[in-house]
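Listed here are the chains, written in short residue letters.
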Amino acid sequence: MALSCAVLVKSADLLVKGLVKIAEYFRMTEFGIGFIVVALATSVPELFVGITSALEGKPSIALGNVIGANILDLTIVIGIAALLSRGIKVESPSIRMDTLYTFFITLLPLILMADKEISRMDGCILLIVFAFYMLNLFRQESRFRERLDSVSHRVFVRNLFVVLFALVLLFFSAKYVVKYASLVAEDLNIPPILVGLVLISLGTTLPELTFESRAVMRKHGYMALGDLLGSVAVNTTLVLGVTALISPIHADFLLFTTSAVFLVVVGFIFMTFVESEKFISWQEGVALILLYVLFLVVEMNIRILEVSQAV
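For clarity, every value in this text was computed on a predicted model and none was experimentally measured.

Each value, and the rule that gives it
Residues numbered from 1 in each chain as written. Predicted model: local features only at pLDDT ≥ 70, side-chain atom pairs only at ≥ 80, totals over all residues. Heavy atoms only, no water. Phe/Tyr/Trp six-rings, centres within 6.5 Å; stacked < 30°, edge-to-face > 60°. Buried < 20%, exposed > 50% of the residue type's maximum accessible area, 1.4 Å probe, protein only. Helix = DSSP H or I, 4+ residues; strand = E, 2+ residues; numbered from the N terminus. Expected span 1.5 Å × (residues − 1). Bend = angle between axes of the 7 residues up to and from the residue. Core = buried A, V, L, I, M, F, W, Y, C linked by side-chain atoms within 4.5 Å.

S.K.: Break down the packing of aromatic side chains for me, citing the residues and quoting the values.
M.R.: A complete count under the given rule lists 7 aromatic pairs for this structure. Centroid distance Phe171 to Phe172: 5.2 Å. Interplanar angle 80°. Geometry classified as edge-to-face. A residue is classified by how much of its surface remains accessible, and Phe171, at 45% relative accessible area, is partly exposed. Between the aromatic rings of Tyr176 and Tyr180, the centroid separation amounts to 6.3 Å while the plane-to-plane angle is 20°, which identifies the pairing as stacked. Here Tyr176 and its partner Tyr180 are both found in helix α8 (residues 153-188), 4 residues apart, which amounts to about one turn of the helix.

This is the structure in structure tokens:
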């Protein structure tokens, strides 16, 4: 599983780099590249894991992966980015509004899972929300003028082949990630959702961490925030929506509820940081990282409690 995750991460990194060059060729704005292109690209690992797990009859792995990845994005990923850049400015009203939209989107799984299932109908609702979210982003993209330098036609063609190669690698690596994650869950006698929450999410979130760290170091704060918010929204809507359409999602309800509530709390705290000072300081980055440590402690203790009660 570790080897499969490594290939998944490397192929996702290739995909992101290739798509950024293609976006630069078409002279997209910094906002558009971060919120649309990179956010979609860095969510492809979660999407392929979701599709594969649904086809294998274990969609709860995808649910755990999405929730775990979103929590990682809003804690570890943005926390490390804030530490590296000594703080991230959030001056644009559009980005602050998108933070609010993203927070409400994170509530959807908790609402839809109230009947202990994300059904195919729920999947359709998530995909409709995804379509409206993307439409709103395309409308906002024209308001931003910061554009990156264009690349040559030769670079465009070369990166087109890189993207196709990366997608093939992603497909096969996601297949084996799900296969061996299922075996790990069986061997350790733990629910598949927990494997997705803790293990797989660490692998599928590395592309976001890599991209956002590079972006803030190069003073492209909009791109980092765009990838963060876009990835959370795409994971919650597109990935879960497609997975549920293939196979309705059931999971350990206690683990799901605690992790989903924790995601909402983390999302609210992140939104508060953005709105209060229009700036995410490095101290707030440390606080977000510590929140993830708390999440791991809570989830592990819940599992220990379940095992002890079963015994």
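From this point, the narrative continues.
S.K.: Give me unusual backbone geometry: which residues, what numbers.
M.R.: The phi torsion at Lys116 lies on the positive side, around 65°, for a residue other than glycine. Considering the arrangement of structural elements, one finds Lys116 in the loop between α6 (108-112) and α7 (120-141). Taking relative accessible area as the criterion, Lys116 reaches 52% and is therefore assigned exposed.

S.K.: Break down helix α4 (residues 59-85) for me, citing the residues and quoting the values.
M.R.: An ideal rise of 1.5 Å per residue puts 39 Å on 27 residues; α4 measures up with 37 Å between its terminal C-alpha atoms. Where α4 bends most, the angle comes to about 40°, and this point is Asp73. In terms of burial, α4 is largely enclosed, as 24 of its 27 residues are buried. A positive backbone phi angle near 55° is found at Arg86, which sits one or two residues after α4.

S.K.: Summarise helix α9 (residues 192-217); cite the residues concerned and give the values.
M.R.: In a regular helix each residue adds 1.5 Å, so 26 residues correspond to 38 Å; α9 covers 36 Å between its end C-alpha atoms and thus fits that length. A bend of about 50° at Ser201 is the largest found in α9. Counting buried residues along α9, 19 of its 26 residues qualify, which places the element largely inside the surrounding structure. Lys219 sits one or two positions beyond α9 and adopts a positive phi of about 65°.

S.K.: Give a description of the nonpolar core that names residues and reports values.
M.R.: Grouped burial of nonpolar side chains is what soluble globular proteins tend to show. Leu63, Ile78, Ile88, Leu225, Phe270 and Ile280 are the most contacted members of the largest nonpolar core, which totals 92 residues. The biggest single contributor to this core is helix α10 (residues 221-246), with 13 residues.

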